[in-house]
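Listed below, chain by chain, are the residues.
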Amino acid sequence: MSIQVITRWFANLSRVYKRGVMAVADAMMLFIALWSAFSMRFGELYLPNQGVEWLFVGAPFLAIPVFIRFGLYRAIVRYIGFHALWAVLQAVTLYALLWALLVLLSGVPGVPRTVTVMNWVMAILLVGGSRMVARWWFAGMLTSTSTSTSTSTDDVRGRIKVAIYGAGSAGVQLATALSYSREFRPVAFIDDDSDLHNRNINALRVYPFTHLGRLIADREVDELLLAMPSCSRSRRHEIITLLEPYPVHVRTLPGVAEMAQGRVKVEDIREVTIEDLLGRDAVAPHTELLHANVKGKAVMVTGAGGSIGSELCRQLVKLEPAALILFEQNEYALYTIEKELLGHADRDGVFEITEGKPRSNVVPILGTVLDSERLTQVVNSYGIQTIYHAAAYKHVPMVERNPVEAIKNNIIGTWRSATVAKKCDVETFVLISTDKAVRPTNSMGATKRFAELVLQGLAKGLRQSPPGTQLQENRAGDGSSHYTRFCMVRFGNVLDSSGSVVPLFREQIGRGGPVTVTDSKIIRYFMTIPEAAQLVIQAGAMGQGGDVFVLDMGEPVKILDLARKMIRLSGFEVKDDDHPKGDIEIRFTGLRPGEKLYEELLIGDNVKPTEHPLIMRAEEEVLLWEEVQGFLDEFDAVGKAHDQEKVRSLLLDAVSGFRPQCGIEDELYKQNSGHGRANVHVLNL
């Protein structure tokens, strides 16, 4: 039986047997340590005298319980580190003191005092050293046996050669973790610190960035791992930009805030995120604004299972609301976000139970914003004080083909939700709007713009109407009039939301292409979902009534450049006229119905700063409530009649600046319906 087979057999033993073997090995080490201490003290091979033998026999019985108490048999030998060795030092020290005390109290003759010190030193060397030898042995043997079927040791199929950018603490921990991995093999460090260049860390040479090209060629590096979790996003963006031309797959570790207690694991490695590509550093939130409408209050999120709604819920639950009501019409989406919040799981499904019990203030409610009675029941039952209205249909081409449903959900749903909020004394109502509402070219943007007009009209009417009128129905507990503060927050695309290009590009690259881009000139503003959600919460706290808040989205991104970056950083080359032998082609598909080449956030130029540097307040023209009410009645009638032919003309009348880029095709695609009406497809002109 070969040594490799024995090693593999031992590795496959149950945990109980392994602990037993370790305990027996420790007993032998303690016996040898004690014998060595006596031999060194007397300068000859020592044979225990009569009356001293029991000290040798009793040493393991004294030490093993101490070792168990200090957890020496819970550590996995293959991954043993400094903390485990520190536990060995503590356990052996306590054992040595107990053994010395036993000798002193028993009064056994022939035991010099120096033996107790020598016994302590030898026990540390043998017990700790045996573990380090076992760690080296098992790690090396198991790795070699797992790759023994390949033709060579390094260019084996199962191990990917990687260089690690960053020779700091995270990089060293990552290299250590990878050394035990069956998937990766670290071959070198890259670091900007000139003091580290040409030095060895964990047997890996540290190179400057200028050597990367030669390193990739000579050492056949397949991937480069960024191990700089503490650097800013802008600095990470600079490094990624420098790495883009190299034919290597770039991956990274998450930021410090996302890593668990500084412990780097192979599982932490991830693809370079779009946030890293954008290089936008998040601005620290204003704590008082975050808590103003949330802490200790009953809060409801409509559309709680959507991209923005679910992230709002994640942010809100951390702000200690008295109750968080998740209002959602999609059963599975509601189930998913409820499970995540109750189990304290993140979006990757990692659960963190706080104080051993789930949250009890998260309440899932199935319902639609078109049902006023259901909304009223929920708002009154839970005493809702703040509503974040994220329920909406937002996928532009889908809305173009289903405009009546968008009218009902985006306009009528907002109207009914706001009306319920007003009647039920809700303090704050925040509408999640979009940059597509500015000079809209599609039905989705037009419906969201009119939803803004509904809230602006309500807010203006509430401020101007005297107490006792239809709009001014609210009364404070002391009899004085007050009204719900309506405001809206307008921003552009959020990363990784449903319908975002980023997950689409990842999927297409994973399939080997082609990557589809609508137009070579198209640009978009981007923001991370968590940052957008935080800014929405803070903006809502600054609303006075009818406010339109606009978020600073940073610099616009050219979608073609984004596609090229994602392809190159995945380790592939773009296939085009200049590189006909490239890996992945970029194919242009043309603008979709109602899609703009660029988006805007402001209708006019009248914008004012707020106390938050990334939030601005726009001053825009509004309609009188009487005009809004008239259009709402017409929209309601259109929705009930499913009159798709009337939708476009009504939106054109109601929304100033609406310039549709699509029309109704001549040949109507007919489907049977309850009224026998034709279904209308809206296509590109």
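Because the structure is a prediction, the values reported are computed rather than measured.

Details of the nonpolar core
Part 1: Within the largest apolar cluster, 52 residues are counted, with the highest numbers of intra-cluster contacts made by Met300, Phe450 and Phe635.
Part 2: One finds Leu312, Leu319, Ile432 and Ile615 within the second-largest nonpolar core, a separate group that totals 40 residues.

With respect to the side chain of Thr610
Part 1: Looking at the secondary structure, you find Thr610 in the loop between strand S22 (607-609) and strand S23 (615-618).
Part 2: One polar contact links the side chain of Thr610 to the main-chain carbonyl oxygen of Ile615, over a distance of 2.6 Å.
Part 3: Non-local contacts of Thr610, meaning those with residues more than four positions away in its chain, are made with Met542, Phe549, Ile615, Met616 and Arg617.

Details of the environment of Leu458
Part 1: With respect to the secondary-structure elements, Leu458 resides in helix H16 (residues 443-464).
Part 2: Measuring from C-alpha to C-alpha, the distance between Leu458 and Gly546 comes to 7.8 Å, with 88 residues separating the pair along the chain.

Side note on the packing of helix H20 (residues 625-641) against helix H21 (residues 644-654)
Part 1: Remark: H20 packs on H21, axes separated minimally by 11 Å, with the N-to-C direction vectors making an angle of 165°. Here H20 lies roughly antiparallel to H21, going by the angle between them. For H20 against H21, the interelement crossing comes out left-handed. Between H20, through Phe631, Glu634, Phe635 and Val638, and H21, the contact on the second element is made entirely by Lys646, Val647, Leu650, Leu651, Asp653 and Ala654.
Part 2: Per-class residue counts for the contact of H20 with H21 are seven nonpolar, no polar and three charged.

Digging into the environment of Val501
Part 1: You can see Val501 is positioned in helix H17 (residues 501-510).
Part 2: When the C-alpha atoms of Val501 and Val517 are compared, they prove to be 8.8 Å apart, with 16 residues separating the residues in sequence.
Part 3: The residues touching Val501, leaving out its near neighbours within four places in the chain, are Phe526, Ile559 and Leu562.

Some thoughts on the sheet that holds strand S20 (residues 574-575)
Part 1: Spatial ordering of the open sheet is given by S15-S21-S20, a layout of three strands whose pairing is parallel. The outermost strands of the open sheet, each flanked by one partner alone, are strand S15 (515-517) and S20.
Part 2: Looking at chain direction, S15 and strand S21 (residues 584-588) are connected through three bridges and run parallel. Counted as the bridge partner of Val515 is Ile586 from S21.
Part 3: Running at roughly 165° to S21, helix H19 (residues 559-569) makes contact with S15, S20 and S21 of the sheet.

Quick notes on the pairing of strand S6 (residues 249-252)
Part 1: Here S6 shows a buried face lined by His249 and Arg251 and a second buried face lined by Val250 and Thr252.
Part 2: Where the polypeptide runs from strand S5 (residues 223-226) across helix H8 (residues 233-243) and back to S6, its parallel neighbour, the crossover connection is right-handed.

A look at the environment of Phe31
Part 1: With respect to the helices and strands, the residue Phe31 is situated in helix H2 (residues 15-42).
Part 2: For the pair Phe31 and Ala123, spaced 92 residues apart in the sequence, the C-alpha separation amounts to 8.9 Å.

So, the pattern of salt bridges
Part 1: Going through the model one piece at a time under the given rule, you end up with 21 salt bridges.
Part 2: The residue Arg314 makes a salt bridge to Glu340 at a minimum N-O spacing of 2.4 Å. Of this pair, Arg314 sits in helix H11 (residues 307-317) while Glu340 sits in helix H12 (residues 331-342), placing them 26 residues apart in sequence. The residues Arg314 and Glu340 share a single accessibility class, namely buried.

Let's talk about H20
Part 1: Look at H20: 24 Å from first C-alpha to last across 17 residues, which is about the 24 Å you get at 1.5 Å a residue.
Part 2: What H20 keeps buried is the set Trp625, Val628, Phe631, Leu632, Phe635, Asp636, Val638 and Gly639. Each buried residue of H20 lies within a common arc of 160° when the element is viewed along its axis, so the set occupies one face. Across from the buried face of H20, at angles greater than 90 degrees, the exposed residues are Glu626 and Lys640.
Part 3: A positive phi of about 55° marks His642, the residue just after H20.

Some thoughts on the packing of aromatic side chains
Part 1: Under the counting rule described, the total for this entry stands at nine aromatic pairs.
Part 2: Ring plane angle 65° and centroid distance 5.0 Å describe the contact between Phe450 and Phe635, whose orientation is recorded as edge-to-face. Here Phe450 is found in helix H16, whereas its partner Phe635 is found in helix H20, with 185 residues between them in sequence. Exposure class is identical for Phe450 and Phe635. Each is buried.
Part 3: Put simply, the rings of Phe31, Phe38, Phe42 and Phe56 touch in pairs and so form one group of aromatic residues.
Part 4: The ring of Phe42 carries Arg41 above its face, with NZ or CZ at 5.8 Å from the centroid.

A few points about the sheet that holds strand S13 (residues 485-490)
By way of backbone hydrogen bonds, the strands of a sheet pair with one another, either parallel or antiparallel.
Part 1: Read from one edge of the open sheet, nine strands run S10-S9-S8-S11-S12-S13-S18-S23-S22, paired in mixed fashion. Each end of this open sheet is capped by a strand with a single partner; those strands are strand S10 (362-366) and S22. Taken over all neighbouring pairs, the strand axes of this sheet differ in orientation by 25° on average, direction set aside.
Part 2: Across five bridges, the pairing between strand S12 (residues 428-432) and S13 is parallel.

A word on unusual backbone geometry
Comment: phi is negative for the bulk of residues other than glycine, and the bulk of peptide bonds are trans.
Part 1: With omega at 0°, the peptide bond leading from Gly513 into Pro514 counts as cis.
Part 2: Locating Pro514 in the fold gives a position in the loop between H17 and S15.
Part 3: Positive phi outside glycine occurs at Asp425, with the angle close to 60°.
Part 4: On the secondary structure map, Asp425 appears in the loop between helix H15 (403-423) and S12.
Part 5: The class for Asp425 is partly exposed, based on a relative accessible area of 34%.

Quick word on the confidence of the model for the protein chain
As a note on interpretation, predicted positions should not be read in detail where pLDDT is low.
Part 1: Mean pLDDT over the protein chain: 78, with 77% of residues reaching 70 or higher.
Part 2: A low-confidence stretch, residues 256-262 stays under pLDDT 50, and its non-local contacts, those more than four residues away or across chains, total eight contacts.
Part 3: A low-confidence stretch, residues 345-358 stays under pLDDT 50, and its non-local contacts, those more than four residues away or across chains, total 18 contacts.

Details of the packing of H17 against H19
Part 1: Here H17 crosses H19 at 40°, and the two axes come no closer than 10 Å. Taken together, the axes of H17 and H19 lie oblique to each other. Along this stretch, H17 crosses H19, giving a crossing that reads as right-handed. Contact residues: Val501, Val502, Phe505, Arg506 and Ile509 in H17; Ile559, Leu562, Ala563, Met566 and Ile567 in H19.
Part 2: When grouped by side-chain class, the residues that make up the contact of H17 with H19 number nine nonpolar, no polar and one charged.

The rules behind each value
- Residues numbered from 1 in each chain as written.
- Predicted model: local features only at pLDDT ≥ 70, side-chain atom pairs only at ≥ 80, totals over all residues.
- Heavy atoms only, no water.
- Core = buried A, V, L, I, M, F, W, Y, C linked by side-chain atoms within 4.5 Å.
- Buried < 20%, exposed > 50% of the residue type's maximum accessible area, 1.4 Å probe, protein only.
- Helix = DSSP H or I, 4+ residues; strand = E, 2+ residues; numbered from the N terminus.
- Polar contact = N/O pair within 3.5 Å; in protein donor to acceptor, adjacent residues only side chain to side chain.
- Contact = heavy atoms within 4.5 Å.
- Axes fitted to C-alpha atoms, helices over the stretch in contact; angles between N-to-C directions.
- Parallel < 35°, antiparallel > 145°, perpendicular 65-115°, else oblique.
- Left-handed = near helix turned anticlockwise from the far one by under 90°.
- Nonpolar A, V, L, I, M, F, W, Y, C, P; charged D, E, K, R; others polar.
- Pairing = 2+ DSSP bridges.
- Right-handed = clockwise from strand over helix to strand, strands pointing away.
- Salt bridge = Lys/Arg side-chain N within 4 Å of Asp/Glu carboxyl O.
- Expected span 1.5 Å × (residues − 1).
- Arc of directions from axis to C-beta.
- Phe/Tyr/Trp six-rings, centres within 6.5 Å; stacked < 30°, edge-to-face > 60°.
- Lys NZ or Arg CZ within 6 Å of the ring centre and 35° of its normal.
- pLDDT = per-residue confidence, 0-100.

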